[in-house]
Every structure is written in C-alpha cells, then in structure tokens.
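So you can see what is in the structure, the chains are spelled out below.
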Amino acid sequence: MTSHLATSADKFSERYPLFMRAALVLAWFVGFFMLAHKASISITTGRLGWDAHAYWLAGRGDLSYSRSPGEIDAYLYSPAFAAIVRPLAALDWPVFYAVWIILQSAALIWLLQPLRRRWCIPIFMMCVPELVNGNIFILLAASGVLGVTRPAVLTFPLLTKITASVGLLWFVARRQWRAVARALSVTALVAAMSYFLAPADWQAWLEFLFFHREGTPDGVVGFVARCLVACGLVVLGARKGWAWLVAPAMVIASPVFDFPVLTILAAVPRLLMHVDGDTNRLEMPEPATR
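Residues numbered from 1 in each chain as written. Predicted model: local features only at pLDDT ≥ 70, side-chain atom pairs only at ≥ 80, totals over all residues. Heavy atoms only, no water.

1. Section: the overall build of the protein chain
Okay, step 1: Helix and strand counts for the protein chain stand at 14 helices and zero strands.
Okay, step 2: Along its sequence from the N terminus, the protein chain presents helices and strands in the succession α-α-α-α-α-α-α-α-α-α-α-α-α-α.
Okay, step 3: A total of 290 residues make up the protein chain; the buried ones form 45% of that total.
Okay, step 4: Pairs at least 24 apart in sequence give 68% of the contacts found in the protein chain among residues at least 6 apart.
Okay, step 5: Here the protein chain displays about 15,100 Å² of accessible surface, and carbon together with sulfur accounts for 68% of that area. (Helix = DSSP H or I, 4+ residues; strand = E, 2+ residues; numbered from the N terminus. Buried < 20%, exposed > 50% of the residue type's maximum accessible area, 1.4 Å probe, protein only. Contact = heavy atoms within 4.5 Å. Areas by Shrake-Rupley, 256 points an atom, 1.4 Å probe, with all protein chains shown as cover.)

So, in structure tokens, the structure goes:
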C-alpha cells in the first residue's frame, strides 16, 4: 500500500524537483518550529494535557457543562464520549495522559504510514503540539478515513464535534442510503443507551449547545458559511471520487477554525489511497507518457 503512494510521489518529484525540495525543506522547518516552540509553550505555560484533562475529569464523573469553551477543563462533548473514556479515566491522571498520548500517536503513525519517512517525520512533528494538548483532532482524522468505508465510525464525530461529521454527505451524494442509515442508527443507539443511563447530563449538553450556538469566533454567519463550503467539498469529492477532500471539509466545518484543527489534514495520505471503497489502492491518475 505504501509503495503506491510513494511511487506516485516519486513521479511527481521527477517532474517538479525544485518544488518538492522546497516543500520538503519547508516541512522540516515547520516541523522543528512546532516541536521546539509550540510544544514548549504548552509545557512552560502549564497547558500540558489541557484538553485531555477535561476528558479525564468527565470520565471520572466530573461532567459539567458550566465552563465556557476555552476555559480550563471545559468539557464540550456528549455524555456518551465521557462514558467511553470512563474505563481509561479510572487511571491516575499521569497514567491516563501517557496512555492517551500513546493511543493518539499510534493513530497518527497509521495515518502517515503511506508517506515516505522524509515526509512522515516532519509532519508528525507538526502534530506534536496537539499530542501534548490531547485534543481529539487526530482521532477525528482517523474517523474521517475509516468513515468513508465504514459509516458506523462516523458515530464518533457525531457525538463529539458534530459538524466534523460532514463526511456523512459522502454517502448522501452517492445515494448510498444504507450507509447513511447505518451511521445514523448506530449513533442513535449509542445516544439512546447513554441517555438512559444519564438523562440529566444529556439535557445539560443540549442546553449547552443551544446557549453557545454563537460561540464560534467567526460568529453564526461565518460558521454557517464555512459549513456550506465544507458540504460542497464533500459532495464534489463524492461525485469525482476524491475522498481526500473529506479532510479539508472536516477542518473547514470545525466549530473553532484555528491552527490546531489543521491536524485533521493528517488524514489526507490515507484518503488518497481510497478508490471506490478500497482504501488499499491509490486514487491518482498515471502521468501522461512523453
């Protein structure tokens, strides 16, 4: 699988060597910058595991929607996600954080595996700040890849960062209604089971979503406009067979459109391998013969 993407990249490099060399140098520069500067800021300012700590508290029963987005230990997702994290949250915080980083690192390595090492390493370094913060962007990237062939996986974004589930339109645009029904039915089942166990928490989450509907930095109009653009990208990708467009669509549709959400673009290498439901082949045309 890796050889297909690597071979295609090599052919592109042969055509545009200066561009690829410059891009590779830039990738390493940005990678070292993110690793040395951004990650160190998280450590020196006490933001180590900023987001992961909120998940740990929610999983241990401290599930509260009283904190606004951006506040320390603000939990923004559904009670179902807290229930999934609960077994891991039984661990002490340092152990939980270490396991959380290992899980996300493994997912990131899997996402970048189709790339050659000289590209994989700097891109991994770019994502280190998000590994340090412990947000779920890497897991969302993995769900975006798997969701193109396994619609039930889209339950994850639907119960966390709702608009990041824009990839569901991939099946709508292709009129694959069974896949749509599978994704929605699994989500409904998980939500119903979680609601049965904690109805008050669900009511609190729904109220939180309603009262913070204008909480995006670009306001309601900007957020809606971004979501429409994201929907258009997924529909275009579905019509053309360009699964890689799902990743930028998820980025654009994110409730908070800032630098960390770009981590979702780590899904692109794997999505480039998708052809008609087969993620083991590369969807790139052969270069024209001279």
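2. Remarks on unusual backbone geometry
Okay, step 1: Positive phi, normally seen in glycine, also occurs at Asp73, with a value near 65 degrees.
Okay, step 2: For Asp73, the location among the structural elements is in the loop between α3 (50-59) and α4 (79-89).
Okay, step 3: We classify Asp73 as buried; its relative accessible area is 14%.
Okay, step 4: Phi is positive for Arg175, close to 60 degrees, though the residue is something other than glycine.
Okay, step 5: Within the fold, Arg175 resides in the loop between α9 (169-173) and α10 (177-197).

3. Observations concerning helix α12 (residues 219-240)
Turn by turn, an α-helix covers 3.6 residues, leaving residues three or four places apart pointing in a common direction.
Okay, step 1: With 22 residues, α12 should cover 32 Å at 1.5 Å per step; its first-to-last C-alpha distance of 32 Å lies within 8% of that length.
Okay, step 2: Among all positions in α12, only Gly222, Phe223, Arg226, Cys227, Ala230, Val234, Gly237 and Ala238 are buried. For α12, the angular spread of the buried residues around the axis is 145 degrees, confining them to a single face. The outward face of α12, more than 90 degrees from its buried face, is lined by the exposed residues Val221, Leu228, Arg239 and Lys240.
Okay, step 3: Where the residues of α12 are buried, they touch α9 and α13 (246-252).
Okay, step 4: Downstream of α12 by one or two residues, Gly241 has phi in the positive range, about 85 degrees. (Expected span 1.5 Å × (residues − 1). Arc of directions from axis to C-beta.)

4. Overview of α4
Okay, step 1: Buried residues of α4: Pro79, Ala80, Phe81, Ala82, Val85 and Ala89, and no others.
Okay, step 2: At its buried positions, α4 is contacted by α3, α5 (93-112), α8 (155-158), α10 and α11 (199-211).

5. A word on the packing of α4 against α5
Okay, step 1: Between α4 and α5, the shortest axis-to-axis distance is 10 Å and the interhelical angle comes to 115 degrees. Of the residues in α5, those touching α4 at Phe81, Val85, Leu88 and Ala89 are Phe96, Val99, Trp100 and Leu103.
Okay, step 2: Split by residue class, the contact of α4 with α5 holds eight nonpolar, no polar and no charged. (Axes fitted to C-alpha atoms, helices over the stretch in contact; angles between N-to-C directions. Nonpolar A, V, L, I, M, F, W, Y, C, P; charged D, E, K, R; others polar.)

6. Looking at the packing of aromatic side chains
Okay, step 1: All chains considered together, the criterion is met by 14 aromatic pairs.
Okay, step 2: Measuring from ring centre to ring centre gives 5.1 Å for Trp93 and Tyr97, while their planes differ by 20 degrees; the resulting arrangement is stacked. Remark: Tyr97 and Trp93 occur in helix α5; sequence separation between them is four residues, near one turn of the helix. Considered together, Trp93 and Tyr97 belong to a single accessibility category, that of buried residues.
Okay, step 3: Aromatic rings pair up to connect Tyr55, Trp56, Tyr65, Tyr75, Tyr77, Phe81, Trp93, Phe96, Tyr97, Trp100, Phe156 and Phe208 into one cluster. (Phe/Tyr/Trp six-rings, centres within 6.5 Å; stacked < 30°, edge-to-face > 60°.)

7. Observations concerning the nonpolar core
Okay, step 1: Of all hydrophobic cores here, the largest spans 71 residues; its most connected members are Tyr55, Tyr75, Phe81, Trp170, Ile264 and Leu271.
Okay, step 2: Ranked by residue count, the leading element in this core is α5, at eight residues.
Okay, step 3: When neighbours within four sequence positions are excluded, Phe81 is seen to be in contact with Tyr55, Tyr75, Trp100, Ile136, Phe156, Leu159 and Thr160. (Core = buried A, V, L, I, M, F, W, Y, C linked by side-chain atoms within 4.5 Å.)

8. What about the confidence of the model for the protein chain?
Okay, step 1: Per-residue confidence for the protein chain averages 86 on the pLDDT scale, and 85% of its residues sit at or above 70.
Okay, step 2: Contacts for the low-pLDDT stretch residues 277-290, under 50 throughout, to residues beyond four places or in other chains number 33 contacts. (pLDDT = per-residue confidence, 0-100.)

9. Thoughts on the state of the cysteines
Okay, step 1: By the definition in use, this model includes zero disulfides.
Okay, step 2: The closest cysteine sulfur to the non-disulfide-bonded Cys127 is located on Cys120, 9.6 Å from its own sulfur.
Okay, step 3: Residue Cys227 stays outside any disulfide, its sulfur separated by 6.5 Å from that of Cys231, the closest cysteine.
Okay, step 4: By relative accessible area, Cys227 is classed as buried at 16%. (Disulfide = S-S within 2.5 Å.)

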